[in-house]
Amino acid sequence: MSKGTLFDKVWDLHTVGILPSGQTQLFIGLHLIHEVTSPQAFAMLRDRGLKVLYPERTVATVDHIVPTENQARPFVDSLAEEMMQSLEQNCEEHQIRFYNVGSGSQGIVHVIAPELGFTQPGMTIACGDSHTSTHGAFGAIAFGIGTSQVRDVLASQTLALAKLKVRKVEVNGTLKPGVYAKDVVLHIIRKLGVKGGVGYAYEFAGSTFEQMSMEERMTVCNMAIEGGARCGYVNPDAVTFEYLKGRDFAPKVEAWDKAVAWWQSLRSDTAAEYDDVVVFDAADIAPTITWGITPGQGIAINELVPTPEMLPADEQPIAAEAYRYMDLQPGQPIQGTKVDVCFVGSCTNGRISDLREAAKFAQGRQVAEGVKAFIVPGSERVKQQAESEGLDKIFVAAGFEWREPGCSMCLAMNPDKLEGRQLSASSSNRNFKGRQGSASGRTLLMSPAMVVAAAVTGQVSDVRELL
Ligand code: SF4
């Protein structure tokens, strides 16, 4: 087992005890809740006559079911309205801080917790959503959990978990123009596989991550889960502290200096021992795009869809399924594939830096005829910031729709859905069959810049040609 890593330190500091099952009972510093996985958990508490143990460590928002066009209440979808009301009532009853639509700070849970300063280094964080790994960008250990675990955390502020191994995923060097954090993580998942991280926490290390902004690090950690890792993290450094300083819930005045010293002490030791180490070179990473039905089925934009012979035997059956579902032939170029819908948003790529980068490529260009393209800010704060910079005007002038914050077409638990066999260029994180709301809809994952390149050309394109 690894020794001296941030993961070990944070795990040990939060260990309440070892359970008879051999699992660790782990204290959870911050519990993030939203409308989809919490109603049943609250009902289970009610059935047992339990209360939320630490409402002050619980933070709520709404994201999955929120419409991004018309947010007038009651929502047109009665099920969505029911979920909203349930969360509103539960937060009121249990005195939980709730960032509702119109509060000025509502948004995707993994966007708002960092931007409000709730997410901090050395924390254990849980949320009933797979992409909770995002918060690891701050040097937190953050787990996505199921509904019964949401109940456990509400009632006891602890989780029963088996300790993970730690793999150091090192990437060194400077990214080439047109290559982004999204490409880095798609490249890693492509190389290590979607199950490669099972049983591991991923520590993202090396000069490439050191050079990244916090928002870029969030993009990488967000998709650690897509590579099978239970969580992913980056050691906190000056970039982390700079991002956090002055945020609403970050430590203030004297507490700030103490906090920084504490956070620094949690970094993995220079002599830390890892269960595994893999090393990549940033120079080998090109704009990367998925062609199949798992985030691991990725290729560089200028590569061809792999033939079965190019793949390991155990990947060939899912590749065969992907060729059929995606309507792509082995050996064909992905570049030039016609797209129907282009979506920039989600907890992977719906932050202000993503929108700024997308706007650079949208400026002075026009969405191709027949393509539906839309931009969905990750939070109300992101939306407000983007509008103050005039990004919304750039998008609208280019023919994009400018929407209200929410998960939108990432999971399509709201009116934003693909129709029929539509092919979507998406900045989100999952390209599973039917993920974007149509049972036969198809998704290509890529960076926001690549989504805009697809939108303005009407086909999968190499963003480097637009630089
Ligand atoms: S944007 Fe997508 S992945 Fe992220 S929380 Fe929403 S539905 Fe989940």
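Look up a bit, the structure's there.
Structure report, in brief. (Residues numbered from 1 in each chain as written. Predicted model: local features only at pLDDT ≥ 70, side-chain atom pairs only at ≥ 80, totals over all residues. Heavy atoms only, no water.)

## A short note on the nonpolar core
In this structure, W291, I334, C342, L355, F395 and F400 are the most contacted members of the largest nonpolar core, which totals 56 residues. Secondary structure elements with two or more residues in this core: α11 (316–326), β15 (341–344), α13 (352–362), β16 (372–375), α14 (380–388), α15 (391–398), β18 (423–426) and α16 (448–457). Those residues within four positions of L355 in sequence are excluded, and the remaining contacts are V344, G350, I375, P377, V382, A386, L391, F395 and W402. Formed by 39 residues, the second largest nonpolar core is a distinct cluster that contains L45, I96, A126 and L154. (Core = buried A, V, L, I, M, F, W, Y, C linked by side-chain atoms within 4.5 Å. Buried < 20%, exposed > 50% of the residue type's maximum accessible area, 1.4 Å probe, protein only. Helix = DSSP H or I, 4+ residues; strand = E, 2+ residues; numbered from the N terminus. Contact = heavy atoms within 4.5 Å.)

## Regarding the side chain of Q157
By secondary structure assignment, the location of Q157 is in the loop between α5 (147–156) and β8 (158–161). A polar contact is formed between the side chain of Q157 and the backbone oxygen of I28, at a distance of 2.6 Å. Aside from chain neighbours lying at most four places away, what touches Q157 is L26, F27, I28, G29, L30, H31, L53, Y54, R57 and D152. (Polar contact = N/O pair within 3.5 Å; in protein donor to acceptor, adjacent residues only side chain to side chain.)

## Quick look at the sheet that holds strand β3 (residues 30–33)
The five strands lie next to each other as β5-β4-β3-β6-β7, forming an open sheet whose pairing is parallel. Across the chains shown, the open sheet's two edge strands, defined by having one partner strand only, are β5 (97–99) and β7 (141–144). Across this sheet, the average inter-strand angle for adjacent strands is 20°, counted without regard to direction. By the bridge criterion, three bridges tie strand β4 (residues 58–61) to β5 in an arrangement that is parallel. Residue pairing across strands places V59 opposite R97, the latter belonging to β5. (Pairing = 2+ DSSP bridges. Axes fitted to C-alpha atoms, helices over the stretch in contact; angles between N-to-C directions.)

## Points about the packing of α13 against α15
At a minimum axis distance of 9 Å, the contact between α13 and α15 shows a crossing angle of 40°. With respect to α15, the element α13 is oriented oblique. For the pair α13 and α15, the sense of crossing is left-handed. In this structure, α13 contributes I352, L355, R356, A358, A359 and A362 to the contact, and α15 contributes L391, I394, F395 and A398. (Parallel < 35°, antiparallel > 145°, perpendicular 65-115°, else oblique. Left-handed = near helix turned anticlockwise from the far one by under 90°.)

## A word on the pairing of β18
What you see with β18 is no split at all: L423 and A425 on one side and S424 and S426 on the other are buried throughout. Looking at chain direction, β15 and β18 are connected through three bridges and run parallel. Each bridged residue has a counterpart across the sheet, and for V341 the counterpart in β18 is S424. Where β18 and strand β19 (residues 442–445) come together, four bridges link them in parallel fashion. Looking at the pairing, L423 lines up with R442 of β19.

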